[in-house]
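Understanding the architecture of this molecule
If you want the building blocks of each chain, they are given just below.
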Amino acid sequence: MLIEGISATARRLPLARAWDGGVDANHIVVVRVDAQGGARGTGFAWTPGVGAGAVLALVREDCPAALLGRPADPGPRWADLIRHLRDAGTGGLTAMAVAAIDIALWDLQARAAGVALTDLIGRRRDHVAAYGSGVNLDLPLPELAEQVRGWLDRGHTAIKIKVGSPDPGRDDERVAEVRHIIGPDRRLMLDANQRWDLPGAVRAMRRLQRHDPYWIEEPLPADDLAAHVRLRSATDVPFALGENLRTVREFRAALEAGICDVAQPNVVRVGGITPFLRVAELAADHSVPVAPHLLPELSAQLALCVPMVSMVEDIDRASFAALGALARPSGVEVREGRAYVEGGAGHGLEFAVDTPAPQVP
C-alpha cells in the first residue's frame, strides 16, 4: 500500500481542573494517513502546554515529502522522517510530529490486516496493573486525601502523588497522610517532576523514604545523569525515569548508568510506537520494566505487548475519554486497578476532530 495523503487537525482540550503551574488544557494534533485502496490510519501528537501549533505545521508542511508515494510501513517511514527532519532536530517537536504519523501507520497496518494493534505487535498478556495518578502538588491536604480515597474506591492498589514543595516538611506531612490512608501494603509512588537539585533531593529522600515509596520519579533534571548517580548512593528508593527522555539513545545512557529502575517512555515524546518498542526491548535487556507515561488509551495497549511491564498510569480526569476527545469508547478500560483492552481492528482511537472546539493558537 502506497501512501496517498496526509491530513492533520489540532484541538485544545480544557482540563476539569488546572494542573500545577497553571496548565489548564491539553492539546492534540490528530493525523490521518490515507493509502491505496481506501486504507486509513489515525495517529496523534499530544502536549500539555506549548508546541501543538508547531507540530501541526511540521506534519502539514514538512512531512509529506518523505511519505507520499512510499509504502505505508511504519519502521522504514519512521527512519525516513527522522532523516528528512534532521535539520529541525531529532527530538522535541520533531519527534512529536513523527510520532503522530508513526502511530497512524501502525493503525493503518492493523486495520488493513483486520487485527487489533496489540495483535499486530504481539500481545504478551491480557491485562496490566494500573495506578491512580494526579497532578496534585498544589491541592490542599484535605482535597489530596479525597482524591486518594477516590482512587481506592475505584479499586486501585497503587497510588502516585506529587512532591517537591518549597517546604520539605509539607511533602513529608502529605506523604505521611497518604500512606496512612492507603495502608502499609499498597504501593505509593512519588513524583518530583525534576523540582529538586542534588542537595535538596538527598535531604528530601532521607525524610521520605521512611514512608516506603515504591519509586521516586524524576527527582532531578532528567538529563543530569551524573547527579542521579550521586543520588543513587544516598537512597535505596528505585528511580523511575523517562517521561522527559526523548530518544532511544537517552534511554540507553540512563539504563547503562544504572539509574533507571523503571522506564517511563511517553509514546509521543519518543517519536511513536516504533521507538517506544525499541525502548521497551532495551529496558528488558537491562531487566528494567516499563511503566508508560500518561496517554492510557494507547499506553495500556502497548503495555500488553512489551517484554517487561510495571504499571500504566490512570491519570485523574485527563484521559482522552475524560477530556471529550474521542468520538466513541476506545476499548481500553481501567477497573479494579487493572487495564483491559477489547476492540476491533487498529488501536480503536477515533477522535472527535470534527466537533466544534477551540483551535490551537
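What comes next concerns the included structure. Here the structure is a predicted model, which means the values were calculated and not measured.

Things to note about helix α9 (residues 248-256)
- Buried within α9 we find F251, A254 and L255. Along the axis of α9, the buried positions cluster into a sector of 100°, meaning they face one direction only. Residues R249 and E256 are exposed on α9 and point more than 90 degrees away from its buried face.
- Just beyond α9, the residue with positive phi is G258, at close to 75°.

What about the side chain of D171?
- Tracing the sequence through the fold places D171 in helix α6 (residues 168-182).
- Among buried charged residues, D171 stands out as having no salt bridge; its nearest opposite-charge side chain is R170, 4.8 Å away.
- A distance of 2.8 Å separates a polar side-chain atom of D171 from the backbone nitrogen of G164.
- Reaching out from D171, the side chain makes a polar contact with the side chain of S165 at a distance of 2.7 Å.
- Not counting residues within four places of it along the chain, the set of residues in contact with D171 comprises L137, V163, G164, S165, W196 and L208.

Notes on the pairing of strand β3 (residues 40-47)
- Of all the eight residues making up β3, seven are buried; the element is thus mostly covered by neighbouring parts of the structure.
- The pairing of strand β2 (residues 23-35) with β3 spans eight bridges and is classified as antiparallel. If you follow V29 over to β3, its bridge partner there is A45.

The rules behind the values
Residues numbered from 1 in each chain as written. Predicted model: local features only at pLDDT ≥ 70, side-chain atom pairs only at ≥ 80, totals over all residues. Heavy atoms only, no water. Buried < 20%, exposed > 50% of the residue type's maximum accessible area, 1.4 Å probe, protein only. Helix = DSSP H or I, 4+ residues; strand = E, 2+ residues; numbered from the N terminus. Arc of directions from axis to C-beta. Lys, Arg positive; Asp, Glu negative; His and termini not counted. Salt bridge = Lys/Arg side-chain N within 4 Å of Asp/Glu carboxyl O. Polar contact = N/O pair within 3.5 Å; in protein donor to acceptor, adjacent residues only side chain to side chain. Contact = heavy atoms within 4.5 Å. Pairing = 2+ DSSP bridges.

The analysis is restricted to geometry; functional conclusions fall outside its scope.
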